Amino acid sequence: MAVGCRAVKNEYSFYDGVMPRVTAEHRATRREQILQAAFRCVARSGFQGMTMADVIGESGLSAGAVYGYFRGKRELLLAIADRAIGSIDEVFHGLLGDGAAPHPADVLRAALEALMAVGDDDVDLTVVTVQAWAEAVRGGEVRELLRPRVARLREQWAEVMRRHQAAGHLAADADPEEAAQAMVGLVPGFILQRLMLGDLTVESFTRGVRQLLDAPRREAVPTPPGA
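Residues numbered from 1 in each chain as written. Predicted model: local features only at pLDDT ≥ 70, side-chain atom pairs only at ≥ 80, totals over all residues. Heavy atoms only, no water.

## Section: the overall build of the chain
Then comes step 1: Each helix and strand counted, the chain has nine helices and two strands in total.
Then comes step 2: The order of helices and strands in the chain, counted from the N terminus, is α-α-α-α-α-β-β-α-α-α-α.
Then comes step 3: Scored against the burial criterion, the 227 residues of the chain give a buried share of 37%.
Then comes step 4: A separation threshold of at least 6 residues defines the contact pool for the chain, and within that pool the share at least 24 residues apart is 65%.
Then comes step 5: If you sum the accessible surface of the chain, you get close to 13400 Å²; carbon and sulfur atoms cover 54% of it. (Helix = DSSP H or I, 4+ residues; strand = E, 2+ residues; numbered from the N terminus. Buried < 20%, exposed > 50% of the residue type's maximum accessible area, 1.4 Å probe, protein only. Contact = heavy atoms within 4.5 Å. Areas by Shrake-Rupley, 256 points an atom, 1.4 Å probe, with all protein chains shown as cover.)

Following this line, the structure appears as structure tokens:
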């Protein structure tokens, strides 16, 4: 009598010659489990310090399961960047639909809220974001991964400022591209103050931005001769 060999079941293995059915929902749940594990690893060790072995251990899954979703560290880094940037992309698409011209402070508030909502109870994604910036400053792969995504964000902000200008709320001689550069810079400003000082909220920060943007424009007063 032949001796049977017991096979180990998972979503990638065959059992009795039949590939188990894996639903899209199951795959999405597994992928999210791995991604959240990667968030926690990056928050602890940084992008360069994170290893696939760390992610496998943190996720509680087998190596085969993790590599079935992400073939290596580069794909994980892309997924992390896309998760953070993607959440903000959705904000722009939603607020700029149908030719709308939302106030830049409202866009900033929605973008910050979306960014802070990414992650889980064990990790603040803004910490991961700071880690990403630190690695990008050093150059190399992380900078190349983030560069096109940040450029896309700046172009989206430029569109916000162009519409704000067309609605008469931004000076006619203002440059929307330069205004977009400033708006992009507000995101790291918020995150760093919040992490370092702990007294900053999305509400207070965006109220301040609105006050600055809505400040009445005054004509320059000529300096008296001899002053």
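## Some words on the packing of helix α1 (residues 24-49) against helix α2 (residues 52-59)
If you want to describe how two helices pack, look at the angle between their axes and the distance between the axes.
Then comes step 1: Here α1 crosses α2 at 140°, and the two axes come no closer than 8 Å. One finds that α1 runs oblique with respect to α2. α2 is crossed by α1, and the crossing has right-handed handedness. On α2, the residues that touch Q33, I34, A37, A38, R40, C41, R44 and G49 of α1 are D54, V55, E58 and S59.
Then comes step 2: Looking at the contact of α1 with α2 residue by residue, the classes come out as five nonpolar, three polar and four charged. (Axes fitted to C-alpha atoms, helices over the stretch in contact; angles between N-to-C directions. Parallel < 35°, antiparallel > 145°, perpendicular 65-115°, else oblique. Left-handed = near helix turned anticlockwise from the far one by under 90°. Nonpolar A, V, L, I, M, F, W, Y, C, P; charged D, E, K, R; others polar.)

## Observations concerning the pattern of salt bridges
Then comes step 1: Tallying each qualifying case throughout the model produces 12 salt bridges.
Then comes step 2: We note a salt bridge from R152 to D89, for which the minimum N-O separation is 2.8 Å. Here R152, found in helix α7 (residues 140-166), pairs with D89, found in helix α4 (residues 73-95); they are 63 residues apart in sequence, far enough to count as distant.
Then comes step 3: The exposure class of R152 is partly exposed, given its relative accessible area of 35%.
Then comes step 4: A single network of salt bridges, built from pairs that share partners, joins E155, E159, R162, R163 and E177. (Salt bridge = Lys/Arg side-chain N within 4 Å of Asp/Glu carboxyl O.)

## Comments concerning the environment of R210
Then comes step 1: Within the secondary structure, R210 is located in helix α9 (residues 202-213).
Then comes step 2: A relative accessible area of 31% means that R210 is categorised as partly exposed.
Then comes step 3: A C-alpha to C-alpha distance of 5.4 Å links R210 and A105, two positions 105 residues apart in sequence.
Then comes step 4: Among all residues touching R210, those that are not within four sequence positions of it are H103, A105 and D106.

## Observations regarding the nonpolar core
Then comes step 1: If you look at the biggest cluster of nonpolar residues, it comprises 59 residues, and the most contacted ones within it are L76 and W157.
Then comes step 2: Apart from residues lying up to four places away in sequence, W157 is in contact with F92, P104, V107, L108, A180, M183 and V184. (Core = buried A, V, L, I, M, F, W, Y, C linked by side-chain atoms within 4.5 Å.)

## Regarding the side chain of D89
Then comes step 1: By relative accessible area, which is 10% here, D89 ends up buried.
Then comes step 2: Excluding residues within four positions of it along the chain, D89 makes contact with R152, L153 and Q156.

## Side note on the packing of aromatic side chains
Then comes step 1: In the structure shown here, the tally under the stated rule is two aromatic pairs.
Then comes step 2: A centroid spacing of 5.4 Å and a plane angle of 85° characterise the contact between F92 and W157, whose relative ring orientation is edge-to-face. In this pair, F92 is assigned in helix α4 and W157 in helix α7, connecting sequence segments 65 residues apart. The exposure classification of F92 matches that of W157, with both residues buried.
Then comes step 3: Where F190 meets F205, the ring centres are 5.3 Å apart and the plane angle is 55°; that geometry is what we call tilted. Here F190 is found in helix α8 (residues 176-197), whereas its partner F205 is found in helix α9, with 15 residues between them in sequence. There is no split in this pair, since F190 and F205 are both buried. (Phe/Tyr/Trp six-rings, centres within 6.5 Å; stacked < 30°, edge-to-face > 60°.)

## Observations regarding a nonpolar patch on the surface
Then comes step 1: A cluster of nonpolar side chains, namely L192, L195, M196 and L197, defines an oily patch on the protein surface of about 420 Å² accessible area.
Then comes step 2: Position of M196 relative to the elements: it lies in helix α8. (Patch = residues over 30% accessible without salt bridge, like charges linked within 9 Å, V, L, I, M, F, W, Y side chains within 5 Å.)

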